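# Commentary on secondary and tertiary structure
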Amino acid sequence: MDIQVLIIGAGPTGLTLALDLSRRGVPFRIVDASQAPFAGSRGKGLQPRSMEVFHDLGVIEPVLASGTFHMTMRAYKGREVLREWDVHEGRVPTAERPYASTMLIPQFRVEQILREALPQPVEYGKPLTSFSQDDSGVTAVVGGETVRAKYLVGCDGGKSFVRKELGVSFVGETHEDQRMLVGDVRISGLDRDHWHQWGGRVDKWLALCPLPGTDLFQFQATGDGEPSLELYREIVRDRTGLDDVVVHDATWTSLYRMNIRMVDRFRTGRVFLAGDAAHVHSPAGAQGMNTGIQDAYNLGWKLAMETLLDTYESERKPVAEWLLGMTTAIMMSGKPFERRGDETLQLSLSYRTEEGEGLRAGDRMPDGVTEQGRIFDLLRGPDFVTLDFPDGPVLVRPDGYVAAIGRSAIDAYFGANPVTQLHHRRVAARTAA
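This report concerns the structure included in the present document. Predicted model only: the values in this text are computed from it and were never measured. (Residues numbered from 1 in each chain as written. Predicted model: local features only at pLDDT ≥ 70, side-chain atom pairs only at ≥ 80, totals over all residues. Heavy atoms only, no water.)

### Quick notes on the packing of aromatic side chains
Here the structure, examined in full by the defined rule, presents 10 aromatic pairs. A ring pair is formed by phenylalanine 266 and tyrosine 312, whose centres lie 5.7 Å apart and whose planes are at 70 degrees; its orientation type is edge-to-face. In this pair, phenylalanine 266 sits in the loop between β16 (246–263) and β17 (267–268) while tyrosine 312 sits in helix α8 (residues 310–332), placing the two residues 46 residues apart along the sequence. When its relative accessible area of 0% is taken as the criterion, tyrosine 312 is described as buried. Geometrically, the ring pair formed by phenylalanine 272 and tyrosine 312 is edge-to-face, given 6.1 Å between the ring centres and 65 degrees between the ring planes. Of the two residues, phenylalanine 272 sits in strand β18 (residues 271–273) while tyrosine 312 sits in helix α8, which places them 40 residues apart along the sequence. Taken individually, phenylalanine 272 and tyrosine 312 each receive the classification buried, so the pair is uniform in this respect. Among the aromatic side chains, those forming a connected cluster through ring pairs are Tyr151, Phe266, Phe272 and Tyr312. Over the aromatic face of tryptophan 85 sits the side chain of arginine 83, whose NZ or CZ is 4.0 Å from the ring centroid. (Phe/Tyr/Trp six-rings, centres within 6.5 Å; stacked < 30°, edge-to-face > 60°. Helix = DSSP H or I, 4+ residues; strand = E, 2+ residues; numbered from the N terminus. Buried < 20%, exposed > 50% of the residue type's maximum accessible area, 1.4 Å probe, protein only. Lys NZ or Arg CZ within 6 Å of the ring centre and 35° of its normal.)

Written out as structure tokens, the structure reads:
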């Protein structure tokens, strides 16, 4: 066996999985068909739950230094400001929720941070051209090289080669009438403190959002046609009615068609699907990049310990189903930039198997302060952690979700999943400071 895990695709999903495996000492390779990292912004909203993941993975500091919170939305009619608002007004960090609202950060910067944290490089220009599996592993051909791995994970996007080769159904629909021109552009005549919008009618909507840490704006406009610098210039002139808002160049342009689809299964034998390879949806609510990150975070420790692998699908598939419904509802509401509900922050997502009041097995473990330090800092690392609170122990999984509460439940969990006890430590968490 050459490696334990072969990761196909080096977007946020594949890179998060690679970083999680690397800190566990798991032999892996991450390959991508592209010749170089993707240069477009694509997703630009990082949710609080993803920031908690990055806290655990040790990359939260450069992420926070690269993004912006609470950018004010500004709607115009020509030069007249009609309205200003903050989608996340009133959301402030607390002890339990240290990251309280969505951060604006271009996807290419998130990917760069993750790549720089990896101990080995992404292998670009190596497309997966075939694979087969047997009882002990997967044989894949990447860039003309035959590779043998215990597991293969397809993180290769909405047009996933892995998914198609598996013959997994991608069930859903394409809304051909819902199209959007997108891109990254350099513009003069606008400040970089607001997310600027024009258009009283849906077919005349235009948004220009400054991308933190760059001199670029993300361009979004309803419409159709072949994306080009000249078309984007025309749209900006027509919809703003302003001669002094000038598009100088574009570093990336694309036409987005709204697809709402998901797979009927996340696993076939030793091959797994994650991120956009498993589910695509409306961009409303800034969920896509984040859901892929959390797919990877759920799967990483299970691949490393080679345990509970079936629970990847049983836990993440319901999340994907919910996600498709929630993002579609936001888009169809006609008000995708109004104040967002708490559900978009992804902090309330749970893998509970039973209902009840208070903290339960399957819930996200909240942060907090103890005499020994922040709970998230006590949990940081690749292990299961038993937090010994004064009122009883809580066992927390490596992905930050509660595995069991109380000594008897913890013993039962370890009894049912013995390998998890080999990756376990206990931490005192006696009283709040």
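### Regarding the nonpolar core
Side chains of a nonpolar character, in soluble globular proteins, are inclined to be buried together. Ranked by size, the top nonpolar core spans 65 residues in total, and within it Phe54 and Leu303 carry the most contacts. Here this core gets 6 residues from one element, more than from any other, and that element is helix α7 (residues 288–305). Discounting residues that sit within four places of it in the chain, leucine 303 has contacts with Gln4, Val5, Leu17, Leu21, Tyr151, Val153, Phe272 and Leu309. Within the second largest apolar cluster, 19 residues are counted, among which are Val185, Leu190, Val247 and Leu255. (Core = buried A, V, L, I, M, F, W, Y, C linked by side-chain atoms within 4.5 Å. Contact = heavy atoms within 4.5 Å.)

### Points about unusual backbone geometry
With the exception of glycine, the majority of residues adopt a negative phi angle, and the majority of peptide bonds are in the trans configuration. In this structure, histidine 70 takes a positive phi of about 55 degrees despite not being glycine. Relative to the elements of secondary structure, histidine 70 occurs in the loop between β4 (68–69) and β5 (72–77).

### Section: the pattern of salt bridges
Taken as a whole and assessed by the stated rule, the structure comprises 34 salt bridges. The salt bridge partner of glutamate 354 is arginine 360, with a shortest N-O separation of 3.6 Å. Under the relative-accessibility criterion, glutamate 354 is labelled partly exposed at 49%. (Salt bridge = Lys/Arg side-chain N within 4 Å of Asp/Glu carboxyl O.)

### Notes on the sheet that holds strand β7 (residues 103–104)
Spatially, β3-β7-β4 is the arrangement adopted by the 3 strands of the open sheet, whose pairing is antiparallel. Strands at the two margins of the open sheet, each flanked by one partner only, are β3 (45–46) and β4. (Pairing = 2+ DSSP bridges.)

### Quick look at the environment of glycine 144
Positionally, glycine 144 belongs in the loop between β10 (138–142) and β11 (145–154). Spatially, the C-alpha atom of glycine 144 lies 9.7 Å from that of serine 130, the residues being 14 residues apart in sequence.

### Here's the deal with the sheet that holds strand β24 (residues 402–405)
Within the open sheet, the 4 strands sit side by side as β24-β23-β22-β25. Their pairing is mixed. Lying at the two open borders of the sheet, with one neighbouring strand each, are β24 and β25 (424–428). For this sheet, the mean angle separating the axes of adjacent strands, direction not counted, is 20 degrees. Each of β22 (384–389), β23 (392–396), β24 and β25 is contacted by helix α10 (residues 407–416), which is oriented at about 30 degrees to β23, the strand it contacts most. (Axes fitted to C-alpha atoms, helices over the stretch in contact; angles between N-to-C directions.)

### Concerning the packing of helix α1 (residues 12–23) against helix α2 (residues 48–57)
Running from N to C, α1 and α2 cross one another at 30 degrees; their axes reach a closest spacing of 11 Å. When the axes of α1 and α2 are compared, the pair comes out roughly parallel. Two packed elements cross with a definite hand, and for α1 against α2 that hand is left-handed. From α1, Thr16, Leu19, Asp20 and Arg23 reach across to α2, where they touch Phe54, Asp56 and Leu57. (Parallel < 35°, antiparallel > 145°, perpendicular 65-115°, else oblique. Left-handed = near helix turned anticlockwise from the far one by under 90°.)

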